[in-house]
Amino acid sequence: MAIDTDGGRCVSTDIAAGVPPAAALFHSLADETRLRIVQRLARGEARVVDLTAELGLAQSTVSKHLACLRDCDLVDYRAEGRQSFYSLTRPELMDLLASAEQLLAATGHAVTLRPARAGEKPS
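Just so it is clear, the structure is predicted and the values come from calculations on it, not from any experiment. (Residues numbered from 1 in each chain as written. Predicted model: local features only at pLDDT ≥ 70, side-chain atom pairs only at ≥ 80, totals over all residues. Heavy atoms only, no water.)

Draft legend 1. Structural context of the confidence of the model for the chain. For the chain, mean pLDDT is 84; residues scoring 70 or higher make up 86% of the total. A low-confidence stretch, residues 1-7 (pLDDT under 50), is modelled with 16 contacts involving residues beyond four sequence positions or located in other chains. (pLDDT = per-residue confidence, 0-100. Contact = heavy atoms within 4.5 Å.)

Structure representation (structure tokens):
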């Protein structure tokens, strides 16, 4: 599924095109908007309307990136009436983001990619 004019793709599309799965996964997380959505969903589930308000993005942008993350099996949703609540499906993703925080800090580029756990200092 192509999701932007820069040719950003989802993991399954990249893999089908012959891109190794690890490269496809990192490519899907390399998009700033998708990373921001993942960061927000790490704090708990959210509706598209919540994400648009919190991230300051258009509904169509959020929906396209959520579709990509769903295609990657990193995000899923549950329906409640006419609303859909999105959440992360892979808790291992938080371990990956924690490792990325440590690696970036070690190279002099400290960032926070995930919410701090109870009793944990922010990066």
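Draft legend 2. Summary view of the packing of helix 3 (residues 32-41) against helix 5 (residues 59-71). Between helix 3 and helix 5, the least distance of the axes is 10 Å, while the angle of their chain directions is 80 degrees. Accordingly, the angle class assigned to the pair helix 3 and helix 5 is roughly perpendicular. Listed contacts from helix 5 to T33, R34, I37, V38 and L41 of helix 3 are T61, V62, H65, L66, C68 and L69. When its residues are assigned to classes, the contact of helix 3 with helix 5 shows seven nonpolar, three polar and one charged. (Axes fitted to C-alpha atoms, helices over the stretch in contact; angles between N-to-C directions. Helix = DSSP H or I, 4+ residues; strand = E, 2+ residues; numbered from the N terminus. Parallel < 35°, antiparallel > 145°, perpendicular 65-115°, else oblique. Nonpolar A, V, L, I, M, F, W, Y, C, P; charged D, E, K, R; others polar.)

Draft legend 3. Main features of the side chain of H65. Inspection of the secondary structure puts H65 in helix 5. Among the polar contacts listed, one links the side chain of H65 to the side chain of R34, at a separation of 3.3 Å. (Polar contact = N/O pair within 3.5 Å; in protein donor to acceptor, adjacent residues only side chain to side chain.)

Draft legend 4. Broad picture of helix 4 (residues 48-55). Here helix 4 has its buried residues at V48, L51, T52 and L55. Seen from one end, helix 4 has its buried residues packed into an arc of 100 degrees, which puts them on one side. Immediately downstream of helix 4, the backbone of G56 shows phi near 65 degrees, a positive value. (Buried < 20%, exposed > 50% of the residue type's maximum accessible area, 1.4 Å probe, protein only. Arc of directions from axis to C-beta.)

Draft legend 5. Here's a closer look at the pattern of salt bridges. In total, this model carries eight salt bridges according to the counting rule given. Residue E45 is joined to R78 by a salt bridge in which the shortest nitrogen-to-oxygen separation is 2.5 Å. With E45 in the loop between helix 3 and helix 4 and R78 in strand 1 (residues 75-80), the pair connects residues that are 33 residues apart, well separated along the chain. Each of the salt bridges in this network shares a partner with another, and the network as a whole consists of R40, R43 and E54. (Salt bridge = Lys/Arg side-chain N within 4 Å of Asp/Glu carboxyl O.)

Draft legend 6. The nonpolar core, seen in detail. In terms of nonpolar packing, the biggest core is built from 23 residues, with I37, V38, L41, L51, L66, L74 and V75 touching the most fellow members. Contributing elements (two or more residues each) for this core: helix 2 (21-29), helix 3, helix 4, helix 5 and helix 6 (92-106). For this core, the element with the highest residue contribution is helix 5, accounting for four residues. (Core = buried A, V, L, I, M, F, W, Y, C linked by side-chain atoms within 4.5 Å.)

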